[in-house]
Amino acid sequence: MIIVNDLKPGTTFEYEKNLFVVLDVDRNKTAMRQMIVKVKVKNLRTGVINEISFTGGDKVEQAPIDKKKMQYLYDDGDSLVFMDNATYEQVEIPKENLKWEMNFLTSNLEVDITMYENEILGLVLPDKVELQLIECEQAVKGDTATSAQKYAKCETGLEIKVPLFINNEERVIVSTADGKYSGRA
């Protein structure tokens, strides 16, 4: 059990049969009342962000989240298949749970699968991934006075803006946090 006064960003806990990760904590203590602890949380099962208010001294159940390094294998239509390189165990995760992550998944990419008591919650991508460009607009001559950019489409279907000197079929590095161009590979 964790006392809510001790909650800090990144802590995971179980409350009312839901799993949450703490994003922010606001403690309010006045002389005449008990402390009110407002916790901004993200539901790990649904992805919904909301705020929960507790009275100082309340307790919640700690939820240890396990991470397992796995390799992305392929898309089987309704779900994505990952494999543990040590045990060769394969797991399938439904596509609707990984809409953002699908923009960065390429064959053999290593990711961390997050689990709680053998329930798969999702995956953690590396900070940056290398992607191949399959479509790229042509640069306009004379449009180089500023840091001009053009649209490009990656092998995963993600559309990004790249500098004018990047050509079709090049490999680029993309940030998985915001989906923006980060450099040449």
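Residues numbered from 1 in each chain as written. Predicted model: local features only at pLDDT ≥ 70, side-chain atom pairs only at ≥ 80, totals over all residues. Heavy atoms only, no water.

## Remarks on the overall build of the protein chain
- Counting secondary structure elements, the protein chain contains 0 helices and 16 strands.
- In terms of overall dimensions, the protein chain is more spread out than a globule: its C-alpha atoms have a radius of gyration of 22 Å, far above the 16 Å expected for 185 residues.
- Seen through its C-alpha atoms, the protein chain measures out along the principal axes to roughly 70 × 45 × 25 Å.
- A buried classification covers 38% of the 185 residues belonging to the protein chain.
- Taking the intrachain contacts of the protein chain between residues at least 6 apart in sequence as the baseline, contacts between residues at least 24 apart amount to 42%.
- Accessible surface for the protein chain amounts to roughly 11,300 Å². Of this, 46% is attributable to carbon and sulfur atoms.
- Of the side-chain charges in the protein chain, 23 are positive and 31 negative, and the distance between the mean point of each set is 7 Å. (Helix = DSSP H or I, 4+ residues; strand = E, 2+ residues; numbered from the N terminus. Rg over C-alpha atoms; globule rule 2.2 N^0.38 Å. Buried < 20%, exposed > 50% of the residue type's maximum accessible area, 1.4 Å probe, protein only. Contact = heavy atoms within 4.5 Å. Areas by Shrake-Rupley, 256 points an atom, 1.4 Å probe, with all protein chains shown as cover. Lys, Arg positive; Asp, Glu negative; His and termini not counted. Charge placed at Lys NZ, Arg CZ, Asp CG, Glu CD.)

## A word on the confidence of the model for the protein chain
- On average, residues of the protein chain score 88 in pLDDT, and 96% of them are at 70 or above.
- Within the protein chain, strand 11 (residues 119-124) has the poorest average pLDDT of any element, 86, and strand 15 (residues 171-175) the best, 92. (pLDDT = per-residue confidence, 0-100.)

## Re the sheet that holds strand 2 (residues 12-15)
- Ordered in space as 1-6-2-3-4-5, the 6 strands form an open sheet in which the pairing is antiparallel. Each edge of the open sheet is held by one strand with a lone partner, namely strand 1 (2-3) and strand 5 (49-55).
- Both strand 3 (residues 18-28) and strand 4 (residues 36-43) contribute to a ladder of 8 bridges, which runs antiparallel. Bridged to F20 within strand 4 is N43. (Pairing = 2+ DSSP bridges.)

## Observations regarding the sheet that holds strand 11
- Sheet architecture is open: 5 strands sit in the order 9-8-7-10-11, paired in antiparallel fashion. For this open sheet the edge positions go to strand 9 (90-94) and strand 11, each flanked by a neighbour on one side alone. Taken over all neighbouring pairs, the strand axes of this sheet differ in orientation by 45° on average, direction set aside. (Axes fitted to C-alpha atoms, helices over the stretch in contact; angles between N-to-C directions.)

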